[in-house]
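# Reading the structure
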Amino acid sequence: MLMRNRTRRILVSLTSTLALLGGSLIGIQATQAAPSATCNTRTKLANANCDVIIYGALHRVQTLDPLVPIGGYTEQQMSYITQGKLYRFDNDGKPRRDLVASATISADKKTVTHTLRDAKYSDGTAIVAADAVNAYERWIASKRSASYIDAVEKVVARDSKTLVWTLKRPYPDFNFALAQEFFGIHPASKTDTEAKAKEYFKNPVAGGPMMAKTFVPGTDLFVAVANPNYWAKPVVKEIQVRTIPDGNTRLAAFQAGEIDYVMELPLSAAKTKWDKSRYLVTGEKDSGVFMLAFNMGPLQPNAALKDARVRRAISLAVDRAGIMRTAFAGLSKPSCGMQFEFKNDYYLCSLPKDGKRDTAAARQLMKEAGYANGFKVNMPVPNRIFWQDAAQIVKDSLRFINIDVTIDMVTPDSNISNYINKRDWEMMWFGNNAATGILQLSNWFKPGGVWANNSNVPNALITETEKLLNEAASSENPAVIREKLAGVEKIAFEQSIFIPIGTRFYLSGSRIAPGLVNALLPGQLQFVVGTNPPLPKD
């Protein structure tokens, strides 16, 4: 019945959308679309030359400062391609030298020295080491995913072209942290106070491959053009980001050839027969998991959810396999542990019965906690593709242990920040992703982690996991890393503050080859613009 209802909703929505929009779906002509002899699904990076790429995005671009987000992830993606980076993710998700000309590391692996390229911002002013120091200081002050860089003791600009990082401990994945969108290099003189940064980001210069041309917060169009002062030549002259919140409208515009790249397509896109010479539609597994999160702060209004036995019961009762099979059409896997499983050498199954349902054990825990008769709970869910159906299966699952879930679909999805900031929510459906398994676990289980902060987790609850994660992050021995992460995951289930459901998944579409202009997947929060020469692979 659930599958039939979902299919009916999709068909009705799509039919209504097409009827309302008539001709041009997003107010632009199909002749503007990108494919050409040097910009199509078969184009190699070295030969690519694209005039205009049109990205049909879920969110508006309301800021280019990723440390002060306003809307959804689209603005972080556009921040990424305009900001200067010491290291930038390539299309394989590997951090590559961008503004760093050379890097050296000391014998004890706790001093890293970066020599910068001779580089300029889009306005012609020099990019200097002091700008990178300021970028680090702004990140620290923002407290956004600060756990990623808590291994840093300090950074100094030895001169205009030299950075010296002092680490508290070895950090083999340091470059993964520096490649995050939070570390964006902009002129220090214009961003070293909150007031100056607020004014500057209304019209920022660029140290990345693209620069803002049309940027009016609150509107549905953002335009970036190639930065003429970037050290490499972008393969695209212009990127138009057009906001299309509805998934079926995005799909229809993509089918009509009015947009060239799109994320978060509805499930019907996976069942459509596409001309593969013109359209690439792929299911992208992300470096993250879907999850249930619980508010651990003093404003948590639901007494039952403060009991770890109740949270463990929810983990045992939830139908992970049913969610991934029905809501996500079996295109991604249910979780058997905390980490994402896609291309992760340290993935391990740590959940009881590898994450399979155990309603008998769940009922027993509910009885021991004094909640055999259950309770009511409110669950806000950002309104994104697939997520409503997933939430419904969560609701149906928890009926087996007498928990009555009220689903609150949050539209637009970026308004979920209002719930998080009020700090009085109960439980929530969302996702947690990062470049590595250690960083993903740090989001949850270290002070300064983005979800440790969002869920108001007291530092005292994650002292041991912080220690284990620091030990894992400083090691280059796979056996040691696995041992430490296994310890983290054991504690994770005992606490069940965060309940993993399945590997995050998107349906995306493109009319050009991968690696030219697209979101980084796995990743989502970063964006890739190919260049010639490409980012160095040393």
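Our subject is the structure listed above.
Residues numbered from 1 in each chain as written. Predicted model: local features only at pLDDT ≥ 70, side-chain atom pairs only at ≥ 80, totals over all residues. Heavy atoms only, no water.

## A few points about the sheet that holds strand 12 (residues 261-262)
The strand order across the open sheet formed by 8 strands is 8-9-11-1-12-17-13-16, and the pairing between neighbours is mixed. Two strands close off the open sheet at either side, each with one partner strand: strand 8 (210-215) and strand 16 (427-433). Of the strand pairs in this sheet, strand 13 (residues 280-294) and strand 16 are connected by 7 bridges, and their pairing is antiparallel. Each residue of the ladder has a partner; that of Ala293, found in strand 16, is Met428. Running at roughly 155° to strand 1 (residues 50-57), helix 2 (residues 73-82) makes contact with strand 1, strand 8, strand 9 (221-226) and strand 11 (236-243) of the sheet. (Pairing = 2+ DSSP bridges. Helix = DSSP H or I, 4+ residues; strand = E, 2+ residues; numbered from the N terminus. Contact = heavy atoms within 4.5 Å. Axes fitted to C-alpha atoms, helices over the stretch in contact; angles between N-to-C directions.)

## With respect to the sheet that holds strand 7 (residues 162-167)
Judged by pairing direction, the sheet is antiparallel, and its 4 strands sit side by side in the order 4-5-7-6 without closing on themselves. Looking at the sheet topology across the chains shown, the edges are occupied by strand 4 (100-105) and strand 6 (152-159). Sheet twist, expressed as the average angle between the axes of neighbouring strands with direction ignored, equals 20°. Examined bridge by bridge, strand 4 and strand 5 (residues 111-116) share 5 bridges and lie antiparallel to one another. When the bridges of strand 5 are listed, Ala103 appears paired with His114. Contacts from helix 3 (residues 129-142) reach strand 5, strand 6 and strand 7, with the element oriented near 160° to strand 6.

## Observations regarding the pattern of salt bridges
Counted under the stated rule, the structure contains 25 salt bridges. The shortest N-O distance in the salt bridge between Arg309 and Asp307 comes to 2.8 Å. Using a relative accessible area of 16% as the deciding quantity, one classes Asp307 as buried. Two residues, Glu494 and Lys490, come together in a salt bridge whose shortest N-O distance is 2.7 Å. One end of the pair, Glu494, and the other, Lys490, are both in helix 17 (residues 478-495), 4 residues apart, so they sit about a helical turn from each other. When its relative accessible area of 54% is taken as the criterion, Lys490 is described as exposed. Each of the salt bridges in this network shares a partner with another, and the network as a whole consists of Asp150, Arg169 and Lys446. (Salt bridge = Lys/Arg side-chain N within 4 Å of Asp/Glu carboxyl O. Buried < 20%, exposed > 50% of the residue type's maximum accessible area, 1.4 Å probe, protein only.)

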